[in-house]
Amino acid sequence: MRNILIIGALATSIACATAGTSTSGVRRDPNLISEQEIATSNGANAYEVVSRARPAFLKQRGHATIMQGGSDYATVYINSQQYGEVTSLRGITVDQIKEIRYYSASEAVSKFGSQNGTGVIQIITK
């Protein structure tokens, strides 16, 4: 009976230790698309890369407040400068991009200002 408990505990600890890792054993930041992922995505522009690698970045968020106008989607920034709406990602070619990061509504408001209550997709260029 004791051996069964030890084996069960060992199996549980192994399962917990491997949770949240990719097949290569390296943890992947769910809010970051790395330069390596961009290169392997076979996308021609930032929109294609995001839609293949992290489609949730493009999801409609809804207004942060009832008084907020504008888009229900994340705002796009390039190197911390506001660039446009999600559709503007189509105009950014992959050879320009070092990384793509998503900031949740609370992170975006803290980092970029209160007008970003639906989140931010930040493009960092090479």
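The model shown is predicted, which means the values in this text are computed figures rather than measured ones.

Caption draft 1: Spatial organisation of the environment of Gly-84. Positionally, Gly-84 belongs in strand 3 (residues 81-84). On a C-alpha basis, the gap between Gly-84 and Ala-74 in space is 9.4 Å, while along the polypeptide they are 10 residues apart.

Caption draft 2: Geometry of the sheet that holds strand 2 (residues 75-78). Strand order across the open sheet formed by five strands is 1-4-5-2-3, with mixed pairing between neighbours. Two strands close off the open sheet at either side, each with one partner strand: strand 1 (32-33) and strand 3. Bridge count between strand 2 and strand 5 (residues 120-125): four bridges; the pairing is parallel. Counterpart to Thr-75 in the pairing with strand 5 is Val-120. Seen against the sheet, helix 3 (residues 46-53) touches strand 1, strand 4 (97-103) and strand 5 and runs at an angle of roughly 55° to strand 4. Of the strands in this sheet, strand 2, strand 4 and strand 5 touch helix 4 (residues 105-112), which is tilted by about 110° from strand 4.

Caption draft 3: Fine view of the pattern of salt bridges. For the coordinates displayed, the defined rule picks out four salt bridges. For the salt bridge of Glu-37 with Arg-54, the shortest nitrogen-to-oxygen distance reads 2.9 Å. You can see Glu-37 sitting in helix 2 (residues 35-40) and its partner Arg-54 sitting in the loop between helix 3 and strand 2, a full 17 residues away along the chain.

Caption draft 4: Highlighting the pairing of strand 3. In the sheet, strand 2 pairs with strand 3 via three bridges, with the strands oriented antiparallel. Directly across from Tyr-77, in strand 3, lies its bridge partner Gln-82. What sits between strand 2 and strand 3 in their antiparallel hairpin is a turn of two residues, with Asn-79 showing a positive phi close to 50°.

Caption draft 5: Inspection of unusual backbone geometry at higher detail. Positive phi values are uncommon outside glycine, yet Asn-42 reaches one of about 60°. By the element assignment, Asn-42 lies in the loop between helix 2 and helix 3. One non-glycine residue with positive phi stands out, namely Ser-80, at about 70°. One can find Ser-80 in the loop between strand 2 and strand 3.

Thresholds, definitions, all that
- Residues numbered from 1 in each chain as written.
- Predicted model: local features only at pLDDT ≥ 70, side-chain atom pairs only at ≥ 80, totals over all residues.
- Heavy atoms only, no water.
- Helix = DSSP H or I, 4+ residues; strand = E, 2+ residues; numbered from the N terminus.
- Pairing = 2+ DSSP bridges.
- Contact = heavy atoms within 4.5 Å.
- Axes fitted to C-alpha atoms, helices over the stretch in contact; angles between N-to-C directions.
- Salt bridge = Lys/Arg side-chain N within 4 Å of Asp/Glu carboxyl O.

What is shown is where atoms sit, not what they do.
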